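# Survey of secondary and tertiary structure
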Amino acid sequence: MIQTKGENRMSVIPANQVARFQNAIPFWMSILLVPVAWFSATTGGWAVILLPLCTWYLFSLLDALLGLQKDNADLDTTEAQLNWYKLITLIWAPIQMCVLFGMIWYVTGPGDAHLSALETILLFFGVGVITGTVGINYSHELMHQKNKTERFLGDVLLSMVLYSHFRSEHLLVHHRYVGTPKDPVSARYNEGFYRFFPRVLKECFASAFDAEKAMLARKDKPWTDLSNPFFRYWALQAAMLILAVIIGGWTGLALFLWQAFVADWQHELTNYIAHYGLTRKHLGDGKYEYVQPRHSWNAAQKASNWLLINLQRHSDHHYKPDRRFPLLQNYEEDEAPQLPYGYPIMTMAAMVPSLWRRVMNPRVRRWREMYYPEVTDWLPYNKATNPLPR
């Protein structure tokens, strides 16, 4: 069956084909990072950098070789037909816990004799790349579900990187206010990543806490009410910190904190590129246009979408946040702005601000000309000085 959008023709994958195991198995590629992690730890030397090499460079190469995946799953696919896809997100929390705390045990015990301090630091940089690239990304999928078990597993994943507030910030702030001055993680035009990162670390926690506090206030409850999810967040994070100390002592705690920082940095790199320079039009009096696919960057690179469970179909995720990742739709250039490469290459480019601006600023300007030719003054959008949304 063929679906036509303008001059572009994209195949629609029937539900019975979507449900097949062989179509779901590419999204399980994250499992391959587990033996890579243990090989890195037990081998040492050059092998300690294999995890970032795989997630950044190997998947960039695979994107170049495998090309784009523009086909869309049939939206009538049922929940039961998505079981193979859901399973990878359900089992990842215990897998990641074993890898993370198993690594802490290994490098502070049996592996302490053959790994130098530098090798251990580089190894846990790689661990942070996985807990950020895979763990936070899977938690993002889980937090969007109605099932309480899935949401709890998402909380567990976030507690392993000390970023539990991301759930509240993402659901209550980011999705409501994306592309407006009230959304901390909508990267502004010309804002380099090294300005963006410390800003969002500060603003996201505050905005998440304020959002939960406001929800409780509407129920005539103080923020100290035990229904405030921040108490659950803090309890889970404290449990992870204590476990790191029990297993690896103060060295184990330091390594846990290091990988958590790397994971959060990796996560905010993806946030940075997902909405860079894209804004919703201010209609006056604090009113903004509805969220459309054009308010997020889309990327159809096949291999990196397997690793990131279709996170790069971000245009559709914000347009229809309740869709599970296998059902997220791809958009062509006439419907949503396109990144020139997948997230692995784009995150590396974002770490070099001059290169990032050279690649992305012309694309943002073309996007503005295409969708908002009537807007002549972009300074309030660039500086996020438009009125806050009502």
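Right above here is the structure, for reference.
Now for a description of the structure that goes with this document. Quantities reported herein were computed from a predicted structural model and do not represent experimental measurements.

### As for the overall build of the chain
If you tally the helices and strands in the chain, you get 15 helices and five strands. Relative to the globule expectation of 21 Å for 390 residues, the C-alpha radius of gyration of the chain, 21 Å, shows essentially globular dimensions. For the chain, the spread of C-alpha atoms along the three principal axes comes to 65 × 50 × 45 Å. Within the span of the chain, comprising 390 residues, buried residues form 57% of the whole. Residue pairs in contact within the chain that sit at least 24 positions apart in sequence constitute 72% of those at least 6 positions apart. If you sum the accessible surface of the chain, you get close to 16900 Å²; carbon and sulfur atoms cover 62% of it. Distance between charge centres in the chain, computed from 37 positive and 32 negative side chains, equals 3 Å.

### Overview of a nonpolar patch on the surface
Side chains of Phe-21, Ile-25, Trp-84, Leu-87 and Leu-90 sit close together on the surface and give an oily, nonpolar patch of about 390 Å² of accessible area. Ranked by residue count, the leading element in the nonpolar patch is helix 5 (residues 83-108), at three residues. By the element assignment, Trp-84 lies in helix 5. Assessed through its relative accessible area of 38%, Trp-84 is described here as partly exposed.

### A few points about the packing of aromatic side chains
In total, this model carries 34 aromatic pairs according to the counting rule given. Here the aromatic rings of Phe-21 and Trp-84 are separated by 4.7 Å at their centres, their planes lie at 65°, and the arrangement is edge-to-face. With Phe-21 in helix 2 (residues 21-24) and Trp-84 in helix 5, this residue pair connects regions lying 63 residues apart in the sequence. For Phe-21, a relative accessible area of 37% translates into the label partly exposed. When the ring of Trp-378 is compared with that of Tyr-381, the centres are 4.9 Å apart and the planes differ by 55°; the resulting orientation is tilted. The class of Trp-378 is buried, set by a relative accessible area of 14%. Here Tyr-381 falls in the buried class, since its relative accessible area comes to 12%.

### Focus on the nonpolar core
By size, the foremost hydrophobic cluster in this structure holds 89 residues, and its most contacted members are Leu-100, Met-103, Leu-123, Phe-124, Tyr-272, Tyr-276 and Trp-356. Among the elements that line this core, the one with the most residues is helix 5, at eleven residues. Every residue in contact with Trp-356, bar those within four places of it in the chain, is listed here: Tyr-272, Ile-273, Tyr-276, Met-346, Ala-349, Ala-350 and Asn-361. Membership of the second largest hydrophobic core comes to eight residues, among which are Ile-136, Val-161, Ala-260 and Ala-263.

### A word on helix 14 (residues 353-371)
Note that an α-helix has 3.6 residues per turn; residues three or four places apart therefore point the same way. In a regular helix each residue adds 1.5 Å, so 19 residues correspond to 27 Å; helix 14 covers 26 Å between its end C-alpha atoms and thus fits that length. The sharpest bend along helix 14 comes to roughly 30°, located at Met-360, with the proline Pro-362 sitting one to four residues further on. Those residues of helix 14 lying buried are Trp-356, Met-360, Asn-361, Val-364, Trp-367, Arg-368 and Tyr-371. Those residues of helix 14 that are buried are in contact with helix 10 (229-275), helix 13 (343-350) and helix 15 (379-382).

Definitions and limits used
Residues numbered from 1 in each chain as written. Predicted model: local features only at pLDDT ≥ 70, side-chain atom pairs only at ≥ 80, totals over all residues. Heavy atoms only, no water. Helix = DSSP H or I, 4+ residues; strand = E, 2+ residues; numbered from the N terminus. Rg over C-alpha atoms; globule rule 2.2 N^0.38 Å. Buried < 20%, exposed > 50% of the residue type's maximum accessible area, 1.4 Å probe, protein only. Contact = heavy atoms within 4.5 Å. Areas by Shrake-Rupley, 256 points an atom, 1.4 Å probe, with all protein chains shown as cover. Lys, Arg positive; Asp, Glu negative; His and termini not counted. Charge placed at Lys NZ, Arg CZ, Asp CG, Glu CD. Patch = residues over 30% accessible without salt bridge, like charges linked within 9 Å, V, L, I, M, F, W, Y side chains within 5 Å. Salt bridge = Lys/Arg side-chain N within 4 Å of Asp/Glu carboxyl O. Phe/Tyr/Trp six-rings, centres within 6.5 Å; stacked < 30°, edge-to-face > 60°. Core = buried A, V, L, I, M, F, W, Y, C linked by side-chain atoms within 4.5 Å. Expected span 1.5 Å × (residues − 1). Bend = angle between axes of the 7 residues up to and from the residue.

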